[in-house]
Amino acid sequence: MITLGKFTFTAPLVVLAPMAGISDLPFRRLCQQQGCHFTVAEMVNARPELLNSAQSQTRMQFDDNPAFPKIVQLAGGDPLFMAEAAQLMQARGADVIDINMGCPAKKVGQQNAGSALLSDLPMVEKILAATVKAVSIPVTLKTRIGFDANNINLLTVGAIAADCGIAAISVHGRHRAQRFKGQAQYREIAALKAQNRLPVIVNGDIGSSAQAKQLIQDYGFDGVMIGRAAQGNPWLFAEIRRQVDPKWQAPPYQPYQDIQAHIRDLHQLYPEHISALIARKHLHWYFARHPHYLQQREAINSSRDQDSQSAIIRAFETYDSADYEKKRPAIIC
């Protein structure tokens, strides 16, 4: 069992990774419907002038669903700003604060935040300690295995996290210098699990239910966190959940209804001039491997409203009905 404040989960966990520009409320809602134990909102910067921006306010929207914790991810390089931001998020109803020490983006690193902090372990300790002390809700950590190939310091970061009162840790299996190149190194994360009392969630390059199950069996991880593999395939969560929890009842497999609902929710959340652009990238992800994708690619690129995008989805559904009859749709091949 894993407890985060008022929420208790039976391990192994299946979790959606926070991804800027992707894990907004509509996508998190869909992934939760597909079996995620919980999702983490998009990263927001703890600096006051950025925390209160319109973009940050959109990123911190949640459904009022008592089954799922409201988890806000904060990034920052100043312990005071991180503590104050955590207090503000708690006052606004957050159930869990997640600290980002995994993002390799340059604009984040220039503020000595995200994975850039892995080169400054004293600052890591100050930020974790200050944030945990500032709130009464759980604080979790998302990190990487180290700063670069010469500074693989996950075990030290994990020990600091445990000493500071962090409730759980999720680890992307690359160091900062790799960004998203190379292969995730699960053995480094397994070493952390073997010597640390914290729940450990593995992240990085997990693309199938069989792989997720094997990682849990081989290394005893408390859960898996899925990021890029969920783009265009939120049904992966249901597949993984069935593998690791055979008693779990999966929702009906109805991909076209799910996609229509996702696009509708995007248009409801974002201003009109933005919503169509955001929906386009999801449509490309959903259908990129479909046999008829090239026939509809230009239509996706030129779509400007919910009606035109809904029509595109119906077109793909018609292709499947005509060409594949009862065969499972090709959108997640």
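Residues numbered from 1 in each chain as written. Predicted model: local features only at pLDDT ≥ 70, side-chain atom pairs only at ≥ 80, totals over all residues. Heavy atoms only, no water.

1. Looking at the nonpolar core
Leu 74, Ile 97, Leu 128 and Leu 141 are the most contacted members of the largest nonpolar core, which has 63 residues in total. For this core, the element with the highest residue contribution is helix α7 (residues 154-164), accounting for 6 residues. Other than its neighbours up to four places away in sequence, Leu 74 contacts Val 44, Leu 51, Met 82, Ala 85, Ala 86, Met 89, Ile 97, Asp 98, Ile 99 and Asn 100. (Core = buried A, V, L, I, M, F, W, Y, C linked by side-chain atoms within 4.5 Å. Buried < 20%, exposed > 50% of the residue type's maximum accessible area, 1.4 Å probe, protein only. Helix = DSSP H or I, 4+ residues; strand = E, 2+ residues; numbered from the N terminus. Contact = heavy atoms within 4.5 Å.)

2. Thoughts on the packing of helix α9 (residues 209-219) against helix α10 (residues 236-244)
Relative to each other, α9 and α10 sit at 40°, their axes nearing to 8 Å. Taken together, the axis directions place α9 and α10 in an arrangement best described as oblique. Here α9 and α10 pass one another in a crossing that is right-handed. Along the contact surface, α9 presents Ser 209, Ala 212, Lys 213 and Ile 216, while α10 presents Leu 236, Glu 239, Ile 240, Gln 243 and Val 244. For the contact of α9 with α10, the class distribution of residues is 5 nonpolar, 2 polar and 2 charged. (Axes fitted to C-alpha atoms, helices over the stretch in contact; angles between N-to-C directions. Parallel < 35°, antiparallel > 145°, perpendicular 65-115°, else oblique. Left-handed = near helix turned anticlockwise from the far one by under 90°. Nonpolar A, V, L, I, M, F, W, Y, C, P; charged D, E, K, R; others polar.)

3. Things to note about empty space enclosed by the protein
As enumerated under the stated definition, the model contains 2 cavities of 30 Å³ or more in all. Roughly 130 Å³ of volume is contained in the largest cavity. What lines the largest cavity is a set of 16 residues, among which Phe 38, Asp 98, Thr 140, Ala 168 and Ile 201 lie closest to the centre. Taken together, the elements giving at least two residues each to the lining of the largest cavity come down to β1 (2-4), β7 (96-101), β8 (139-144) and β9 (169-172). Across the lining of the largest cavity, the residue classes break down as 13 nonpolar, 2 polar and 1 charged. Here the second largest cavity defines a volume of roughly 90 Å³. In terms of lining, the second largest cavity is formed by Leu 25, Arg 28, Arg 29, Gln 32, Thr 39, Phe 62, Asp 63, Asn 65, Phe 68, Pro 69 and Lys 70. The element that contributes the greatest number of residues to the lining of the second largest cavity is helix α1 (residues 25-33), accounting for 4 residues. Its residues assigned to classes, the lining of the second largest cavity comprises 4 nonpolar, 3 polar and 4 charged. (1 Å grid on protein atoms, 1.4 Å probe; cavity = no way out; pocket = protein on both sides within 12 Å on 5 of 7 lines; lining within 4 Å. Points joined across faces, edges and corners; volume = space filled by probe spheres on them.)

4. Overview of the layout of surface pockets
Here the largest pocket is characterised by a volume of approximately 1200 Å³. Taken together, 48 residues line the largest pocket, and the ones lying closest to its centre are Pro 18, Met 19, Ala 20, Ile 22 and Phe 180. For the lining of the largest pocket, the elements supplying multiple residues, two or more each, are β5 (44-45), α3 (54-59), β6 (71-75), α5 (106-109), β8 and β11 (223-226). For the lining of the largest pocket, the element with the highest residue contribution is α3, accounting for 3 residues.

5. Details of the side chain of Asp 98
Of note, Asp 98 is situated in strand β7. Among buried charged residues, Asp 98 stands out as having no salt bridge; its nearest opposite-charge side chain is Lys 142, 6.9 Å away. Within the local environment of Asp 98, its side chain forms a polar contact with the side chain of Gln 73, the two groups lying 2.8 Å apart. Among the polar contacts listed, one links the side chain of Asp 98 to the side chain of Thr 140, at a separation of 2.6 Å. Contacts of Asp 98, omitting those with residues within four sequence positions, involve Val 40, Ile 71, Val 72, Gln 73, Leu 74, Thr 140, Leu 141 and Lys 142. (Lys, Arg positive; Asp, Glu negative; His and termini not counted. Salt bridge = Lys/Arg side-chain N within 4 Å of Asp/Glu carboxyl O. Polar contact = N/O pair within 3.5 Å; in protein donor to acceptor, adjacent residues only side chain to side chain.)

6. A few points about the UniProt feature "binding site: FMN" (unreviewed entry) in the protein chain
Under the UniProt annotation, the feature "binding site: FMN" (unreviewed entry) is placed at Pro 18, Met 19, Ala 20, Gln 73, Lys 142, His 172, Gly 227 and Arg 228. Considering only the annotated residues already named, the ones lining the largest pocket are Pro 18, Met 19, Ala 20, Gln 73, Lys 142, His 172, Gly 227 and Arg 228. Topologically, Lys 142 is positioned in strand β8. Classification of Lys 142 as buried rests on a relative accessible area of 10%. Setting aside its immediate chain neighbours within four residues, Lys 142 contacts Gln 73, Asp 98, Ile 99, Asn 100, Met 101, Gly 102, Ser 170, His 172, Asn 203 and Met 225. (UniProt positions renumbered as here; feature names shortened; annotations may be inferred.)

7. Observations regarding the UniProt feature "active site" (unreviewed entry) in the protein chain
Those places that UniProt annotates as "active site" (unreviewed entry) correspond, in this numbering, to Cys 103. Ignoring anything within four residues of it in the chain, the contact list for Cys 103 reads Met 43, Val 108, Gly 114 and Ser 115.

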